[in-house]
Amino acid sequence: MLEITSTPLILIAILGTVGVLLPIISIARKEKGSNSFYAVIAFAALIVSIAYVGYEFINENVAASALFSDDVIVDDAFGGFFAIAMLIVALFTTVGSFNYMRKHNSPAVYYSLILLATIGMILVAYSTDLVMLFVAWELMSIPTYILVGYMKKNPSSNEAALKYFLFGALSSAIIVYGIAISYGLTGSTNIGEVIEGYSTLDPSLLPLALLSVGMFIAGFGFKMGLVPFHQWLPDTYEGAPSPVTALLAAATKKAGFAAAIRIIILGMVALNLDWTLALGIIAVMTMTIGNVAAIMQKNLSRMLAYSSIAHAGYILIGLAVAPYSSLGLQGSLYQIFNHAVMKGAAFIAIAGIVTTLAVTHIDKLKGLGRRMPITALGMVISLFALAGVPPLSGFWSKLMLFGSALDASTALWWAPWLAIAGVLNSALSLAYYGWITRKMYFEGETEKRVSEPKSIVAVMIFSIIFLVGFGVYPEPLIKFVEFATPVVSLGLMP
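What counts, and at which threshold
- Think of each chain on its own: its residues are numbered from 1, step by step along the sequence as written.
- The predicted nature of this model means local features are confined to residues of pLDDT at least 70 and side-chain atom pairs, given and counted, to a pLDDT of 80 or more, with totals for whole chains, interfaces and linings taken over all residues.
- Neither water nor hydrogens contribute to the side-chain values; these are computed over all heavy atoms in the structure.
- Put simply, DSSP marks the helices as runs of H or I at least four residues long and the strands as runs of E at least two long, and each gets a number from the N terminus on.
- For each residue, the accessible area found with a 1.4 Å probe, counting protein chains only, is set against the maximum for its type, and the residue is called buried under 20%, exposed over 50%, and partly exposed in between.
- The method behind every accessible area is Shrake-Rupley, applied with a 1.4 Å probe, and residues are considered shielded solely by the protein chains displayed.
- A residue counts as positive if it is Lys or Arg and as negative if it is Asp or Glu; His and the chain ends are not included.
- By convention, the charge on Lys lies at NZ, on Arg at CZ, on Asp at CG and on Glu at CD.
- Patches here are clusters of residues that have more than 30% relative accessible area and form no salt bridge, with a 9 Å joining cutoff for like charges and a 5 Å cutoff for nonpolar side chains (Val, Leu, Ile, Met, Phe, Trp, Tyr).
- Think of a salt bridge as a Lys or Arg side-chain nitrogen and an Asp or Glu carboxyl oxygen that are within 4 Å of each other.
- Helix axes are fitted to C-alpha atoms over the stretch in contact, other axes to C-alpha atoms as well, and angles between N-to-C directions run from 0 to 180 degrees.
- Crossing handedness follows the turn of the near helix against the far one: under a right angle anticlockwise gives a left-handed crossing, and clockwise gives a right-handed one.
- Every residue pair with non-hydrogen atoms within 4.5 Å of one another is taken to be in contact.
- Gly falls in the polar group here, along with every residue not listed as nonpolar (Ala, Val, Leu, Ile, Met, Phe, Trp, Tyr, Cys, Pro) or charged (Asp, Glu, Lys, Arg).
- Aromatic rings from Phe, Tyr and Trp, taking only the six-membered ring of Trp, are treated as a pair when their centres fall within 6.5 Å; an angle between ring planes under 30 degrees marks them as stacked, one over 60 as edge-to-face, and anything in between as tilted.
- Whether a charge sits over a ring comes down to the Lys NZ or Arg CZ being within 6 Å of the ring centre and within 35 degrees of the ring normal.
- What a helix should span is 1.5 Å times the count of its residues minus one.
- For this analysis, a polar contact is any N or O atom pair within 3.5 Å, provided that within protein one partner can donate a hydrogen and the other can accept it, and provided that sequence-adjacent residues contribute only side-chain to side-chain pairs.
- The quantity called bend is, for any residue, the angle between two axes fitted respectively to the seven residues ending at it and the seven beginning at it.

> Can you break down the overall build of the protein chain residue by residue, with the values?
When you go through the protein chain residue by residue, the secondary structure sums to 19 helices and zero strands. The principal-axis extents of the C-alpha atoms in the protein chain amount to approximately 70 × 55 × 45 Å. Evaluated residue by residue, the protein chain yields a buried proportion of 62% over its 494 residues. For the protein chain, the exposed surface amounts to about 18,000 Å²; the carbon and sulfur share of it is 68%. Side chains of the protein chain give 26 positive and 25 negative charges; the mean places of these two sets differ by 21 Å.

Here it is as structure tokens:
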């Protein structure tokens, strides 16, 4: 039985209360503007939420990762780990929207939707019941559908929202069908009981169990941006408001991975499925298609959208080898946390560029290093961290990911090829990251400096300190990852 002071319930209370009150306050105040008022309230709610989760970890009130529980949600380190990552991105999005939302109406509704979507993401990570997970999934998805189409007079925003909604509705239907099959086979929606039921399933029912796991892979693969479920992603990222894109790329994708780890990986181990090769193939396809497509893009948002697809492939390497290497899930979680900051900062930098210069075409970034030096520096460090360049934090998470593939080579002969593919794709990504850097620093010598939004500068400074600091001294973050990582191996699973 969850205590009233458990982390997920406290986060629901804080974010939910503020999220519901913001539109009510707006109606009571009878104001059309006052963006900063609502932004500060949302910012304060997120800061308090992060502080509470951090306090629980510091005081060791958080249990080790409990993959199974009799309750529908569990207060464990795994959920807390994802909660911190998602709250950081939501904070980035809120801060990055300070200047952006000054030109748009209904700021109270906008920030309310961010908070409600954040609740959904957090609950996905804490869920140990399939029905609860689906409810949280929809609570996350529905506000983001609205946020993507928030610029309702912009045709590209409307198109992005429609594509996102259609693909999202399809993925939700697939997940529900997978839940229905698993309930029919096991008589339960509790994830632990479902997996235990799968492990003792009658052989004649195994095809249905395989079908349900496949449906979970397809449904959650949509949010993760895995190939071939990625078609919606570039158009949506390009058409959505720039700060919202940070929320989609750096937070909702993480919810997909949290759900995948809770269900898919454990289900594979329980069923003794040799799907690791299939996941490995998907990982290589995802990272390669993402990087190759990114090189051909001229729009900065679309380029980073395809980069996000590629990073889903990197993270999937750890999940593919998880049953055979203890470093697998650790590497995936490490990369997930780093990616939240790296990609979040990159898209918030784009929001600053759009707000100040109203450009997203890469050729228009000439001289950005002189025009917006802090924003440009934050973006370059984020991009190089995404590529895994030392001594930035992204280097260590990729090293752990590729090391897990080598570690699994005794059981999987093809696992080292995942590491080779990851290294080659990381080198390939430097082609377009380097192209952006050249445009910003080595072209356009006559541009003059412009005033950078202070909120964007704040996000850039935080991301630079994080990526450089944990790159030079990664041990605290590595220990945090180790504590939050559930034990998944063929020898240790019931």
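> Describe a nonpolar patch on the surface, naming the residues involved and giving the relevant values.
Together, Leu277, Ile281, Met285 and Ile289 make up an exposed nonpolar region whose accessible area comes to about 320 Å². For leucine 277, the location among the structural elements is in helix 11 (residues 276–295).

> Any details on the pattern of salt bridges? Residues and values, ideally.
Taken as a whole and assessed by the stated rule, the structure comprises seven salt bridges. Among the salt bridges present, the one from glutamate 159 reaches lysine 163, with a minimum N-O distance of 3.0 Å. Taken together, the positions of glutamate 159 and lysine 163, both in helix 6 (residues 155–186) and four residues apart, correspond to about one turn of that helix. A cluster of three or more residues bridged by salt bridges with shared partners is formed by Glu159, Lys163, Asp235, Glu238 and Arg302.

> Describe the packing of helix 6 against helix 7 (residues 191–199), and please don't skip the residues or the numbers.
Packing of helix 6 against helix 7 leaves a shortest axis separation of 9 Å and a crossing angle of 60 degrees. As for how helix 6 packs across helix 7, the hand of that crossing is left-handed. The segment helix 6 lies against helix 7, with Ser182, Leu185 and Thr186 engaging Val194, Gly197 and Tyr198. Of the residues assigned to the contact of helix 6 with helix 7, the class counts are three nonpolar, three polar and no charged.

> Any chance you could break down the packing of aromatic side chains for me, citing the residues and the numbers?
Within this structure, the stated rule accounts for 26 aromatic pairs. Ring geometry for phenylalanine 216 and phenylalanine 220: centres 6.0 Å apart, planes at 10 degrees, overall stacked. A residue pair is termed a helical-turn pair when its members lie 3 or 4 positions apart in one helix, as phenylalanine 216 and phenylalanine 220 do in helix 8 (residues 206–224) at four residues. Using a relative accessible area of 0% as the deciding quantity, one classes phenylalanine 220 as buried. Linked through ring pairs, Phe57, Phe78, Phe81, Phe82, Phe92, Phe337, Phe462, Phe466, Phe470, Phe480 and Phe483 together constitute an aromatic cluster. Above the ring of tyrosine 314, the side-chain terminus of lysine 398 is found at 4.1 Å from the ring centroid.

> Hey, could you go over unusual backbone geometry for me, with residue numbers and the actual values?
When glycine is set aside, most residues are seen to have a negative phi, and most peptide bonds are trans. Of note, the bond from proline 390 into proline 391 is cis; its omega dihedral lies within 30 degrees of zero at 5 degrees. Of note, proline 391 is situated in the loop between helix 15 (373–387) and helix 16 (393–407). Its identity is not glycine, yet alanine 358 carries a phi of approximately 60 degrees, on the positive side. Residue placement: alanine 358 occurs in the loop between helix 13 (326–357) and helix 14 (368–371).

> Before we move on, could you go through helix 11 and cite the residues and values that matter?
Here helix 11 contains 20 residues, and its C-alpha end-to-end distance of 29 Å stays within 8% of the 28 Å for a straight helix at 1.5 Å per residue. Those residues of helix 11 not exposed but buried are Thr276, Leu279, Gly280, Ile282, Ala283, Thr286, Met287, Gly290, Asn291, Ala293 and Ala294.

> Tell me what's going on with the environment of tyrosine 164, and back it up with residues and numbers.
Checked against the element boundaries, tyrosine 164 lands in helix 6. Each residue touching tyrosine 164, except ones within four places of it in the same chain, is listed here: Thr144, Tyr145, Val148, Phe222, Lys223, Trp232, Thr236 and Leu248. A polar atom in the side chain of tyrosine 164 sits 3.0 Å from the side chain of threonine 144.

> How would you summarise helix 13 if you had to cite specific residues and measurements?
An α-helical turn contains 3.6 residues, so any two residues separated by three or four positions project in the same direction. Over its 32 residues, helix 13 runs 47 Å from end to end, which matches the ideal 46 Å to within 8%, given 1.5 Å per residue. The largest bend along helix 13 reaches roughly 25 degrees and is located at histidine 339. Burial runs high along helix 13: 29 of the 32 residues are buried. With its phi angle positive at about 60 degrees, alanine 358 sits one or two positions after the end of helix 13.

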